[in-house]
Amino acid sequence: DSGVTQTPKHLITATGQRVTLRCSPRSGDLSVYWYQQSLDQGLQFLIQYYNGEERAKGNILERFSAQQFPDLHSELNLSSLELGDSALYFCASSADRGGYYGYTFGSGTRLTVV
Amino acid sequence: AQTVTQSQPEMSVQEAETVTLSCTYDTSESNYYLFWYKQPPSRQMILVIRQEAYKQQNATENRFSVNFQKAAKSFSLKISDSQLGDTAMYFCAFMAPTGANSKLTFGKGITLSVRP
């Protein structure tokens, strides 16, 4: 157990729907990162929050949004889902702003869009 | 943008033997960090080893060590005394402390199979 908790572990939904993925960082970690892992694109950085504030944004679609709450948990919202959004979504956390000692990853949420 | 290249898609090694996984990267930064992550079939991403670019000494963690060649922009992972539990996908990753590259950028990964 890495200490980073992601729920749900699996999610199956239809095209056009909206889903919310949840992440609780490791205790004491202030930074949260979201990544998407797919066979064709590999691991792609989506977005980072540090202590409630957005710090960096990567290849995140406009249909996707995220936030970090005062208790430091984070949610990734995916809307108007398409078949191509099917992927493994990882949350990771780090104690420092930059994650220079590496990130601690959760076990991921497997999203299947049908 | 920084790129990380892992050109070998798959490798296989006999249990107890040594295997080296290759990684190259492209950057104009002088200060940065390099990582190897392991993703076993459980899909959990696990940090294996970390290297700071300004440190000449190669990092070592038990059976895992790296060969960091800064001038060649090469960062290979050596696994000694391979064990069945080392079977996994291995990702090389790069991070610069500032600017647009201040997040982990991963290579495509290499699938390592350890044969009994």
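Before any of the text, the structure's been laid out above.
Residues numbered from 1 in each chain as written. Chains lettered and ligands numbered in written order. Predicted model: local features only at pLDDT ≥ 70, side-chain atom pairs only at ≥ 80, totals over all residues. Heavy atoms only, no water.

Right, let's talk about the sheet that holds strand β7 (residues 64–68) of chain A for a bit. Within a sheet, adjacent strands bond to each other through the backbone by hydrogen bonds, running parallel or antiparallel. Residue and element names in this part refer to chain A. In space, the four strands of this open sheet follow the order β1-β3-β8-β7, with antiparallel pairing throughout. Bordering the open sheet on either side are β1 (5–7) and β7, each of which pairs with just one other strand. Each adjacent strand pair in this sheet contributes to an overall mean axis angle of 15°, direction not counted. (Pairing = 2+ DSSP bridges. Helix = DSSP H or I, 4+ residues; strand = E, 2+ residues; numbered from the N terminus. Axes fitted to C-alpha atoms, helices over the stretch in contact; angles between N-to-C directions.)

Turning our attention to the environment of Asp1 of chain A. Residues and elements named next belong to chain A. Along the chain, Asp1 falls in the segment before β1. The exposed category is assigned to Asp1, whose relative accessible area is 96%. Counting along the chain gives 105 residues from Asp1 to Gly106, while the straight-line C-alpha distance between them is 8.4 Å. Reaching out from Asp1, the side chain makes a polar contact with the backbone nitrogen of Gly3 at a distance of 3.0 Å. (Buried < 20%, exposed > 50% of the residue type's maximum accessible area, 1.4 Å probe, protein only. Polar contact = N/O pair within 3.5 Å; in protein donor to acceptor, adjacent residues only side chain to side chain.)

Contacts between the two partners involve 25 residues from chain A, matched on the other side by 17 residues from chain B. The largest share of the area that chain A buries against chain B comes from Leu43, Tyr100 and Phe105 of chain A, three residues that together contribute 34% of it. On inspection of chain A and its partner chain B, the count reaches zero salt bridges. Applying the counting rule to chain A against chain B returns 13 residue pairs in polar contact (both at pLDDT 80 or more). Listed by contribution, the elements that provide at least two residues to the side of chain A that touches chain B are β4 (31–38), β5 (42–50) and β9 (87–94) of chain A. With four residues, the single largest contributor to the side of chain A that touches chain B is β5 of chain A. Residue composition of the side of chain A that touches chain B, by class: nine nonpolar, twelve polar and four charged. (Contact = heavy atoms within 4.5 Å. Buried area = accessible area lost by both parts, 1.4 Å probe. Salt bridge = Lys/Arg side-chain N within 4 Å of Asp/Glu carboxyl O. Nonpolar A, V, L, I, M, F, W, Y, C, P; charged D, E, K, R; others polar.)

Our next topic: the packing of aromatic side chains. The geometry of an aromatic ring pair is captured by the separation of the ring centres together with the interplanar angle, meaning the angle of the planes. Applying the stated criterion across every chain, the model contains 19 aromatic pairs over all chains. With 6.0 Å between their ring centres and 55° between their planes, Tyr35 of chain A and Phe105 of chain A make a pair best called tilted. You can see Tyr35 of chain A sitting in strand β4 and its partner Phe105 of chain A sitting in strand β10 (residues 104–105), a full 70 residues away along the chain. Here Tyr35 of chain A falls in the buried class, since its relative accessible area comes to 0%. Arranged with centres 6.2 Å apart and planes meeting at 70°, the rings of Phe105 of chain A and Phe106 of chain B form a pair that is edge-to-face. (Phe/Tyr/Trp six-rings, centres within 6.5 Å; stacked < 30°, edge-to-face > 60°.)

What follows concerns the pattern of salt bridges. On inspection of all chains with the given rule, the structure shows eight salt bridges over all chains. One salt bridge in this structure joins Asp29 of chain A and Arg26 of chain A, with 3.0 Å as the shortest N-O distance. Note that Glu52 of chain B is salt-bridged to Arg50 of chain B, the shortest N-O span being 2.8 Å. For the pair shown, Glu52 of chain B and Arg50 of chain B are each scored as buried.

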